[in-house]
Amino acid sequence: MNTYIFHSVNAGLFFWNGKSGLLADGIHNGKQKGFSNMPKELLKQMLNRTGIFAFTDQLLFTHLHSDHYSKAGVSHVMRQSFSSALYGPGLTVRNVAVEVAGPQLYRICGPSGNIYAKYTIHDGESFKKDPHQSYLVEQDDETFFIAGDAVLSREDAEIFSSRISGRITAGFFNLYQLYSAEGQEFVRSLPFERIFLYHLPFPKDDKFHYAKLARQISKNPPDGLPTAEILNHMSWIDNRQPVFSAKTIASVPQSQNYRKII
């Protein structure tokens with residue numbers, strides 16, 4: 001991969017291609033749901049516009065559940081002088097152009113390349129009506145798939161395949177998608193080079209033993225599926241960390257009251 005990708009916790013992913021930074025599902029709570037709150041280190045970066053937040057110019061959300069999205073945190077970022085692009089299903093404020101790209105498919109026009117979005121159904125009977133989208137992200141000559149919490153189907157794969165000219169560099173999936181027959185069929189139907197298992201909490205928050213299930217499916221992948229690589233928390237994939245170029249960052253007030261913001 002040429003794109004640098006940082007994984008925080010839960011479903012947080014930061015994509016950096018040397019020119020722009022895309023943060024997906026990376027501002028959140030979640031501990032009350034058996035996942036993890038946004039790491040304190042990233043909270044401080046967000047407040048002070050340092051680290052990856054100095055280079056984030058687009059925020060993307062698969063849906064607005066608290067383990068993926070924090071309204072207060074996003075509002076704080078958008079109040080800063082980022083001019084960040086913001087998109088997510090169910091958001092009342094979007095500042096990017098969206099156009100129809102095909103049947104059931106939308107193109108999000110932002111600074112981080114083409115993003116193709118499709119409405120997908122959230123897993124779980126009580127969440128089926130909650131707005132949810134999965135994404136194909138194109139950065140330069142690489143393509144990434146972000147599943148979110150979708151119930152994926154062969155039909156979804158066929159719709160996304162209309163935007164794929166080569167192989168998908170990497171796909172990011174949760175446990176339920178890789179354990180279900182429908183999710184496995186989705187993965188088999190598309191040309192993934194690598195698949196990653198994400199949406200896992202920190203060990204101290206893992207009261208439902210998600211890590212154990214992740215290890216099981218990684219060691220014994222279903223027939224026809226690549227081995228699912230489990231993402232390490234607060235780490236760059238393949239230990240490839242970019243050297244960011246110098247960038248002027250406007251001064252913002254230092255704050256230790258991050259618990260009031262997230």
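Quick look at the structure, then. Position labels on residues start from 1 in each chain and follow its written sequence. Restriction of local features to residues with pLDDT of at least 70 applies here, the model being predicted, together with a cutoff of 80 or more for giving and counting side-chain atom pairs; totals for whole chains, interfaces and linings are based on all residues. Excluded from the side-chain calculation are hydrogens and water; included are all heavy atoms of the structure.

### Some words on the sheet that holds strand β1 (residues 4–7)
Here comes step 1: Pairing between two strands is assigned when DSSP locates at least 2 bridges connecting them. Each helix is a run of H or I in the DSSP string that is no shorter than four residues. Each strand is a run of E no shorter than two, and both are numbered from the N terminus. Within the open sheet, the six strands sit side by side as β5-β4-β3-β2-β1-β16. Their pairing is mixed. A strand with exactly one partner marks an edge of an open sheet, and here the two such strands are β5 (85–87) and β16 (235–236).
Here comes step 2: Bridge count between strand β3 (residues 21–24) and strand β4 (residues 58–60): three bridges; the pairing is parallel. Bridge pairing in β4 links leucine 23 to leucine 59.

### Considering the nonpolar core
Here comes step 1: Ranked by size, the top nonpolar core spans 28 residues in total, and within it Phe145, Phe173, Leu178, Phe186, Val187, Phe192 and Leu197 carry the most contacts.
Here comes step 2: Residue contacts are counted whenever heavy atoms from the two residues lie within 4.5 Å of one another. Non-local contacts of phenylalanine 145, meaning those with residues more than four positions away in its chain, are made with Ser134, Tyr135, Leu136, Leu152, Phe160, Ile168, Ala170, Gly171, Phe172, Phe173, Phe186 and Phe192. Take the buried Ala, Val, Leu, Ile, Met, Phe, Trp, Tyr and Cys residues and link them wherever side-chain atoms come within 4.5 Å; each set so joined is a nonpolar core. Exposed residues in this analysis have more than 50% of their type's maximum accessible area, buried residues have under 20%, and partly exposed residues fall in between, with area computed by a 1.4 Å probe over protein chains only.

### Examining the environment of threonine 92
Here comes step 1: When you line up the elements, threonine 92 lands in the loop between β5 and β6 (97–102).
Here comes step 2: The exposure class of threonine 92 is exposed, given its relative accessible area of 79%.
Here comes step 3: Once the C-alpha coordinates of threonine 92 and glutamate 155 are considered, the two residues, 63 residues apart in sequence, prove to be 28 Å apart.

### What to know about helix α3 (residues 154–161)
Here comes step 1: Listed as buried for α3 are Asp156, Ala157, Ile159 and Phe160. Along the axis of α3, the buried residues cluster in a sector spanning 165°; they form a single face.
Here comes step 2: The elements touched by buried residues of α3 are β7 (105–110), β8 (113–119), β10 (133–139), β11 (142–146), β12 (150–151) and α5 (181–189). As used here, the arc belongs to the directions running from the helix axis to the C-beta atoms.

### Let's talk about the pattern of salt bridges
Here comes step 1: Salt-bridge detection follows one rule: a side-chain nitrogen of Lys or Arg within 4 Å of a carboxyl oxygen of Asp or Glu. One pass over the full model with this rule turns up 11 salt bridges.
Here comes step 2: Here aspartate 156 makes a salt bridge to lysine 118, at a shortest N to O gap of 2.8 Å. With a gap of 38 residues between them, aspartate 156 in helix α3 and lysine 118 in strand β8 connect regions that are remote in the sequence. The exposure classification of aspartate 156 matches that of lysine 118, with both residues buried.

### Observations regarding helix α1 (residues 40–48)
Here comes step 1: Of all the positions in α1, only Leu42, Leu43, Gln45, Met46, Leu47 and Asn48 are classed as buried.
Here comes step 2: At the exit of α1 stands arginine 49, carrying a positive phi of roughly 55°.

### Considering the side chain of aspartate 149
Here comes step 1: The topology assignment puts aspartate 149 in the loop between β11 and β12.
Here comes step 2: Put simply, aspartate 149 is tucked away with no salt bridge, and the nearest opposite charge, on lysine 33, sits 7.4 Å away.
Here comes step 3: Side-chain atoms alone can form a polar contact between residues adjacent in sequence; in general such a contact is a pair of N or O atoms within 3.5 Å, and within protein one must be able to donate a hydrogen while the other accepts it. Polar contacts involving the side chain of aspartate 149 include one to the side chain of asparagine 174, which spans 3.3 Å.
Here comes step 4: Here the side chain of aspartate 149 touches histidine 199 through a polar contact of 3.3 Å, side chain to side chain. Just so you know, the count uses Lys and Arg for positive and Asp and Glu for negative, and it drops His and the chain ends.

All we've got here are geometric facts, nothing functional implied.
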